[in-house]
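Coordinate analysis (summary)
Spelled out, the chains give:
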Amino acid sequence: MGQPNFIYILADDLGYADLGCCGARDAYSRPTDVSPNLDRMAAQGMRFTRGYANSAVCSPTRFALITGRWQYRLRGAAEEPLGPAYGDKVLGLPPSQPTLPSLLAGAGYRTALVGKWHLGYPPNFGPRQSGYQTYFGYHGGGVDYFAHTGPRGGADLWENETPIEREGYLTDLLSRQAVEFVEAQTPDQPFLLSLHYSAPHWPWLTRDDAEESRHTRELGWHPDGGSVEVYQKMIHHMDEGIGWLLDALEKKGLAQNTLIVFTSDNGGERFSNNWPLCGEKMDLLEGGIRVPLLARWPERIPAGLVSDCPNLTMDWTATLLAAAGVAADADHPLDGVDLLPLFADASWTRPGDLCWRMKHRSQRALIRGDWKYLHQDGHDFLFNLARDARERANVARRYPEKLAELRDAWQAWNASLPPIPDDARVFKLFQPGDVAVPSGAH
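Report follows, based on the coordinates. This is a predicted model, so every value here is computed, not measured. (Residues numbered from 1 in each chain as written. Predicted model: local features only at pLDDT ≥ 70, side-chain atom pairs only at ≥ 80, totals over all residues. Heavy atoms only, no water.)

1. Some details on the sheet that holds strand β13 (residues 363-368)
Worth spelling out the cut-off: Any two strands with at least two DSSP-identified bridges between them are counted as paired. By definition, any uninterrupted DSSP run of H or I lasting at least four residues is a helix, any uninterrupted run of E lasting at least two residues is a strand, and each is numbered from the N terminus. Orientation is described by lines fitted to C-alpha atoms, with helices fitted over the stretch in contact, and by angles between N-to-C directions that extend from 0 to 180 degrees. Contacts between residues were defined by any pair of non-hydrogen atoms, one from each residue, lying within 4.5 Å.
If you trace the four strands from one edge of the open sheet to the other, you get β12-β13-β14-β15, paired in antiparallel fashion. The open sheet has two edge strands with one neighbour each: β12 (354-358) and β15 (379-384). Mean inter-strand twist for the sheet, computed between neighbouring axes without regard to direction, equals 10 degrees. Here six bridges tie strand β14 (residues 371-376) to β15, and the two strands are oriented antiparallel to one another. In the sheet register, L374 faces β15, and the bridge partner there is F381. With respect to the sheet, helix α10 (residues 400-415) is in contact with β12, β13, β14 and β15, its orientation differing from that of β13 by roughly 110 degrees.

2. A few points about helix α8 (residues 313-324)
Threshold: What a helix should span is 1.5 Å times the count of its residues minus one. Classification of residues uses two cut-offs on accessible area relative to the type maximum, computed with a 1.4 Å probe and protein chains only: under 20% is buried, over 50% is exposed, and between them is partly exposed.
The end-to-end C-alpha distance of α8, which contains twelve residues, comes to 18 Å, matching closely the 16 Å that a straight helix rising 1.5 Å per residue would cover. Here α8 lies mainly inside the structure; eleven of its twelve residues are buried. When we look at burial in α8, the residues that qualify are T313, M314, D315, W316, T317, A318, T319, L320, L321, A323 and A324. Positive backbone phi, at 75 degrees, marks G325, one or two positions downstream of α8.

3. Thoughts on the packing of aromatic side chains
Let me state the cut-off plainly: Geometry of aromatic contacts follows a simple scheme: Phe, Tyr and Trp rings, the Trp one being its six-membered ring, pair when their centres are within 6.5 Å, and the pair is stacked under 30 degrees between planes, edge-to-face over 60, tilted otherwise. Here, a charge over a ring is recorded when the distance from Lys NZ or Arg CZ to the ring centre is within 6 Å and its angle to the ring normal is within 35 degrees.
The full count for this structure, using the stated rule, is 16 aromatic pairs. Both rings, one in F146 and one in Y169, keep their centres 5.4 Å apart while their planes meet at 50 degrees; by these two values the pair is tilted. With F146 in the loop between β4 (134-138) and β5 (158-159) and Y169 in the loop between β6 (162-163) and α4 (170-183), the pair connects residues that are 23 residues apart, well separated along the chain. Taken as a pair, F146 and Y169 share a single burial class, namely buried. Connected via pairs of aromatic rings, a cluster forms that spans F48, W297, W316 and F343. Looking at R290, its charged tip hangs above the ring of Y16, at a distance of 5.6 Å from the centre.

The values are spatial; any link to function lies outside them.
Structure (structure tokens):
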């Protein structure tokens, strides 16, 4: 068995229970067949019930994924999320920073990014300055599915460093580009394909909604659109494209030694299903950070496994490098933990705490086993996630020693990292006036 191939598929704003294998339900709470290909992939590999994103918002998670390190080490990741900082020389991924694609490329891998970048704007930042040999996608946080324009109206579809025009529904364009990449591969050279979808991020548009796109591209965003049905159709379109990709791997004879990981950059938003979790994108409650997570690798992962081992996005960076036999850069040691032992022993437990911090609502969180410390808007909470994954029973007064233990651990972790800069910005696009929020709701 030679070096494995890697396909890392990242959905955008997908909720914890938005896939069939994770409990997807329609608007009337009936089971729905929204993701047959991903469900099949889960059955052929491992599904994780406690997969966590490195952040509750997109670009910080992407900084952690590409570096394998706490995103807080880089200034650009302090933005929640990274705004349209065109021409900025600081707010982005420094080309000098070793990355998953640059380390793999240095070891002979072919590397490609198809889809969302969101780690800084040209000319100072870009995928091909950070290890990807080829790039097809967009730089910003969101893009119209038909016009391929960003929230402020500018065109944002690129092939390498060249802006392009391409007719079609964006999810399908990305899927077909990924298939073309796989079809061009040969068994003698391993590859990394990062397939970072925009789906199901707003604007909420299916293949049938080209006319609605005229409204969203003029407005720049989509506070008055979408529905559960539309949202689930968007997921189904993405799932179809992943099916094309799985078929292409089979036809090329590459499926057995290809590790495919599927997950989301953060928790779901207004139309997502996060049940039984509470909270959503921008919250360090479970609904904002616990995400769908699947892994398939026929050579190494037995079929039909379900794991409750807590893990973070950046752990998969360490895992892919370990699987390839590629060492991290000595001056930039990984913070992520290699999860390969879990594939051989389902009872293996990841060492170390899972930690988060956000400027938004002064949030802090730390998970140690089943226990979670949460700080939000000046208040401390303690939850036992094994008994209360919905985080409704605050047991801080019942277990003050455990609260103090986890709070102290968070303080020590936080002290090991650069502080959140005073000028870091929070962008919360949808405001209370755009969505009806019940009194007292989070």
